[in-house]
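So you can see what is in the structure, the chains are spelled out below.
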Amino acid sequence: MYNSKIIGLGKYLPDHVVTNDDLAKIMDTNDEWIQERTGIKERRWIEEGSEDTSAVMGAKAARIAIERSGLTNDDIDFIVFATLSPDYYFPGCGVQIQDMLDMPTVGALDVRNQCSGFVYAISVADQFIKTGMYKNILVIGAEYHSNGLDKTTRGRGVTVIFGDGAGACVLSRSEDNEKGILSTHLHSEGKYADKLIVKSPSIAHWVPEIMENEGDVSYFPYMDGQFVFKNAVVRFSEVIMEGLKANNLEKDDIDMLIPHQANLRIAQFIQKKFGMSDDKVYNNIMRYGNTTAASVIIALTEAWEEGKINSDDIVVLAAFGSGFTWASAIIRW
Ligand code: UT7
C-alpha cells in the first residue's frame, strides 16, 4: 500500500478587509462583543464587482499549491473540492477548477461537509492514493460566504463570524510509509442538521415559494450558537484522541494542532484541555473569521509559510461543524 503526503500548499484571501467596527456601522454589534465571544478582529469579504467566487478563489490557491509542489497542472490526476458555498446549485466547483486550470479531463469530486469539508476531502484523496488509483490529487477548500449573509441585526449571530477565502494542497503518492497522512477519522450526527443550516432554496422549498412569503429568510444561515459550541468542544477532543490512539500517540506528541477556525474560545478550550503551549496550536481566526471548509487548509498553509511545521512533526487537523460532521487527520510531516 502507498502513503500520501502533502507536497504543495497555497492560499488565497480577498484583499478587502472588513473590521468589527465596519460591521457595527451596518448592524447592532460592536468590536468588544465580537472579540470577546469569538476572538475575531477582522475578516475578508469579496468586494462587489470582484471576479472572485468560491471556484475562482479555489483556482488561485490551487495554482500556488501546484507551483510549490514542483508539479504542473498536467500531473494532477484528480480534484477534490470542498465548499458549502458553491458557485452553482449544480454542477459543483470541482469541474470549474478542471476548466480554469486548463487540466486534462481528470475527474473532479465535490465534498459537501461544511466546516469539516477539507478534512473529509483530504481523507477521500488519501484513500485514492493509498489504493494506488491516483498519484497526485489537488484538494481544495474555498468559501464565498459574504454575499449570502443577512447583513442586518437579525443575522448578527452568524454574519459577524463568517469570512471568505480559499486554500489548496497537492497530495501525492509517497514510498515512505513512516511519513504523510497516518490516518483520518470521520463522523456525523444528522439529527442535529437543523442546528446550523441554510435550509433553502431546496427542491422541497424552491424560489417562488420563498418569494411568496416576505418573512421567509430560510436562505440565510441559521445557527443555534450555544448548542453548536457545546457539541464542538466535546467532538473536537474526541476525534483528536481517536486519531492519536489509532497511531499509538499521546497528546504530548502533537507538534502542531490546526483546528478548524470556528471560534477562538473553542480552540483555547481544546488547548487547555490537552495542556498544550501556544506555539503548538495555530489560530488565525482573528484575521479571517470562520471560512468553514477553507479554514483548516488556510491555517495549515500559513503555519507552514511561517516555518512552524518541520519535517517529522506530528501535525493534527481537526474540524467540527454543520451536519453535524466532525473529523481529524493525523500527519507525520
Ligand atoms: O464553524 C462551525 C461551527 N461553529 C461553531 O462552532 C460556533 C459555535 N458557537 C459560537 O461560537 C457562539 O455561540 C457564538 C459566537 C456564535 C455566539 O456567542 P454566544 O456567547 O453563544 O452568544 P449567544 O448566541 O448566546 O447570544 C448572547 C447575546 C444575545 O443577546 P441576549 O439575548 O442575551 O440579549 C444575542 O442576541 O448576544 C447577542 N448577540 C450579539 N450581540 C452583539 C448575538 N450576536 C451578537 C453580535 N453582536 N454579533
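The structure we're discussing is the one just above.
Residues numbered from 1 in each chain as written. Predicted model: local features only at pLDDT ≥ 70, side-chain atom pairs only at ≥ 80, totals over all residues. Heavy atoms only, no water.

K.L.:
Is there a simple way to explain the overall build of the protein in this structure?
P.N.:
From N to C terminus, the protein includes 11 helices and 13 strands. Its C-alpha radius of gyration of 19 Å places the protein within 12% of the 20 Å reference for a compact globule of 333 residues. Along the three orthogonal principal directions, the C-alpha set of the protein runs to about 60 × 45 × 35 Å. Out of the 333 residues in the protein, the part that is buried amounts to 54%. In the protein, once contacts between residues fewer than 6 apart in sequence are set aside, the share between residues at least 24 apart is 77%. Split by element, the accessible area of the protein, about 14600 Å² in all, is 49% carbon and sulfur. With 32 positive and 47 negative side-chain charges, the protein shows a separation of 5 Å between the mean positions of the two kinds. (Helix = DSSP H or I, 4+ residues; strand = E, 2+ residues; numbered from the N terminus. Rg over C-alpha atoms; globule rule 2.2 N^0.38 Å. Buried < 20%, exposed > 50% of the residue type's maximum accessible area, 1.4 Å probe, protein only. Contact = heavy atoms within 4.5 Å. Areas by Shrake-Rupley, 256 points an atom, 1.4 Å probe, with all protein chains shown as cover. Lys, Arg positive; Asp, Glu negative; His and termini not counted. Charge placed at Lys NZ, Arg CZ, Asp CG, Glu CD.)

K.L.:
Honestly, the site of the ligand in this entry has me stumped. Any pointers?
P.N.:
Among the 22 residues in the neighbourhood of the ligand, the closest are listed as Thr29, Arg37, Gln226, Asn263 and Asn290. Separating an oxygen atom of the ligand from a side-chain N or O atom of Asn290 is a distance of 2.6 Å. Coverage of the ligand by the protein amounts to 72% of the 940 Å² it exposes when considered alone. In this structure the site holding the ligand corresponds to the second largest pocket. Where the shell around the ligand is concerned, the elements lending two or more residues are helix 2 (31-38), helix 6 (156-159), helix 8 (225-246) and strand 12 (314-321). Sort the elements by how many residues they give to the shell around the ligand and helix 8 lands first, with four residues. Among the residues forming the shell around the ligand, the class breakdown is 11 nonpolar, nine polar and two charged. (Near = heavy atom within 4 Å. Polar contact = N/O pair within 3.5 Å; in protein donor to acceptor, adjacent residues only side chain to side chain. 1 Å grid on protein atoms, 1.4 Å probe; cavity = no way out; pocket = protein on both sides within 12 Å on 5 of 7 lines; lining within 4 Å. Sits in = over half its atoms within 2 Å of the grid points. Nonpolar A, V, L, I, M, F, W, Y, C, P; charged D, E, K, R; others polar.)

K.L.:
Help me understand empty space enclosed by the protein in this model?
P.N.:
Remark: the empty space left among the atoms is shown by a probe the size of a water molecule rolled over them. Inspection of the entire model under this criterion finds one cavity of 30 Å³ or more. Each pocket or cavity is described by its volume, and for the largest cavity that value is around 30 Å³. Every residue lining the largest cavity is listed: Gln261, Asn284, Tyr288, Gly289, Thr291, Ser295, Ile298 and Ala299. Examining the composition of the lining of the largest cavity, we find that three residues originate from one element, helix 11 (residues 295-305), more than from any other. Here the lining of the largest cavity is built from residues that sort into three nonpolar, five polar and no charged. (Points joined across faces, edges and corners; volume = space filled by probe spheres on them.)

K.L.:
Sorry, what's going on with the sheet that holds strand 13 (residues 325-332) here?
P.N.:
Sheets are built from strands that pair by backbone hydrogen bonding, the pairs being arranged parallel or antiparallel. If you walk across this open sheet you meet the four strands as 8-13-12-11, and the pairing is mixed. Where the open sheet ends on each side, the last strands, each with one partner, are strand 8 (180-188) and strand 11 (256-259). For this sheet, the mean angle separating the axes of adjacent strands, direction not counted, is 10°. Two elements, strand 11 and strand 12, share four bridges in a ladder whose sense is parallel. In the strand pairing of strand 12, Leu257 is matched with Val316. Against the sheet, helix 5 (residues 117-130) makes contact with strand 8, strand 12 and strand 13, and its axis sits at roughly 125° relative to strand 8, the strand it touches most. (Pairing = 2+ DSSP bridges. Axes fitted to C-alpha atoms, helices over the stretch in contact; angles between N-to-C directions.)

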